[in-house]
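Structural characterization, general
What follows is each chain in one-letter form.
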Amino acid sequence: MRVEESRLQAPDGHGFVLRQWRPQKARGGLLFLPALGVPANKYDAFAQALYEHDVAAAVPDWRGTASSDWRAARSRDWGYAQLLDQDLPTALDALPRDLSWCLGGHSLGGQFAAMLAARRPERCAGLALVATGVPDWRSYRGGKRWGIAGFAHALPLVTRIVGHYPGERLGFAGREAGGLMRDWSRTVRRGGYADYGETADLEAAMARVSCPALGVHFRHDTLVPETTLHHLLEKLGPGPRRIEHFDNDRLGTQADHFRWMREPAAVAAALADWLPVSP
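This text gives an overview of the structure that appears in the document. Only a predicted model underlies this, so the values are computations on that prediction, with no experimental measurement involved.

Conventions adopted
- Residues numbered from 1 in each chain as written.
- Predicted model: local features only at pLDDT ≥ 70, side-chain atom pairs only at ≥ 80, totals over all residues.
- Heavy atoms only, no water.
- Helix = DSSP H or I, 4+ residues; strand = E, 2+ residues; numbered from the N terminus.
- Rg over C-alpha atoms; globule rule 2.2 N^0.38 Å.
- Buried < 20%, exposed > 50% of the residue type's maximum accessible area, 1.4 Å probe, protein only.
- Core = buried A, V, L, I, M, F, W, Y, C linked by side-chain atoms within 4.5 Å.
- Contact = heavy atoms within 4.5 Å.
- Right-handed = clockwise from strand over helix to strand, strands pointing away.

1. Points about the overall build of the chain
Tallying secondary structure elements over the chain gives 10 helices and 10 strands in all. The globule rule puts the C-alpha radius of gyration for 279 residues at 19 Å, and the 18 Å found for the chain is close to it. When the backbone C-alpha atoms are referred to their principal axes, the chain occupies close to 50 × 45 × 35 Å. Looking at the chain residue by residue over its 279 residues, the buried ones come to 59%.

See the structure below:
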């Protein structure tokens, strides 16, 4: 088994790598979008576990991360619009068309998978939403609710003063574009998505997404409570919906936001069992 790396270039000139695994008898594929600030190669174990179930996988690096040839700065800014208009369509169009591809993602990547499905429904056979949801501050409880609300309200000012988001200093994500984090903070504060870039009425487009959707929730995930997953699923249109719950016993390790990436076998098996098969 060998990963293939393709160097892609978005229409605006941004270059990044797409990592792909393709079993000989692949019965379907998954384009999987990483969590905020997480390099694509951190999902190699997950992709290899999918490979063992004859599922192809493709994972791109985010703009500003790892193989990306851009870095966030005051003079180099971007937001959700550029990812939806530029990078994600480029990655999607680079996938082989002899397979049916599902879209999926981890954390912020899951939100983008749902938005991309609304933009390109003809290329989405299903949605795999892992440890993700709409981070509406009202979906959290206790001190976490007020903490995330305060953080989201501070982000616009911080990113405009610094010129980017200094995640490496704040202990959440990495160095990220100011526009990206302002878009994220808007979702936290308002509980919805704007009409980014070329999208006209994104929320209405999401409400028309009717492909099968799988939600994966980890019992000890304090960053993404199950209420946020339900919020995201409720934004989609009618269609087959399934939620898989993982506790420590089922996962084989601590069932939290990131630990599953080290022990992904159980998650890959659940996804392979659910995967819509290519015709």
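There is more to say, and it comes next.
2. A look at the nonpolar core
Core analysis: the biggest nonpolar cluster contains 59 residues, and L31, L103, F112, M115, L127 and Y196 have the highest contact counts within it. At 8 residues, the largest contribution of residues to this core is made by helix α3 (residues 108–119). In contact with L103, other than residues within four places in its own chain, are L30, L31, L92, A113, L116, A117, C124, G126, L127 and A128. Formed by 34 residues, the second largest nonpolar core is a distinct cluster that contains F32, F46, W260 and A272.

3. A few points about the pairing of strand β5 (residues 101–106)
Counting buried residues along β5, 6 of its 6 residues qualify, which places the element largely inside the surrounding structure. In this view, the connection linking β5 to its parallel neighbour strand β6 (residues 127–130) by way of α3 has right-handed handedness.

4. Some thoughts on the environment of S68
Positionally, S68 belongs in the loop between β4 (56–60) and α2 (80–93). It is 4.4 Å that separates the C-alpha atoms of S68 and F16, two residues lying 52 residues apart in sequence. Setting aside anything within four residues of it in sequence, one finds S68 in contact with R7, H14, G15, F16, W62 and R63.

Everything listed is a geometric property; what it means functionally is a separate question.
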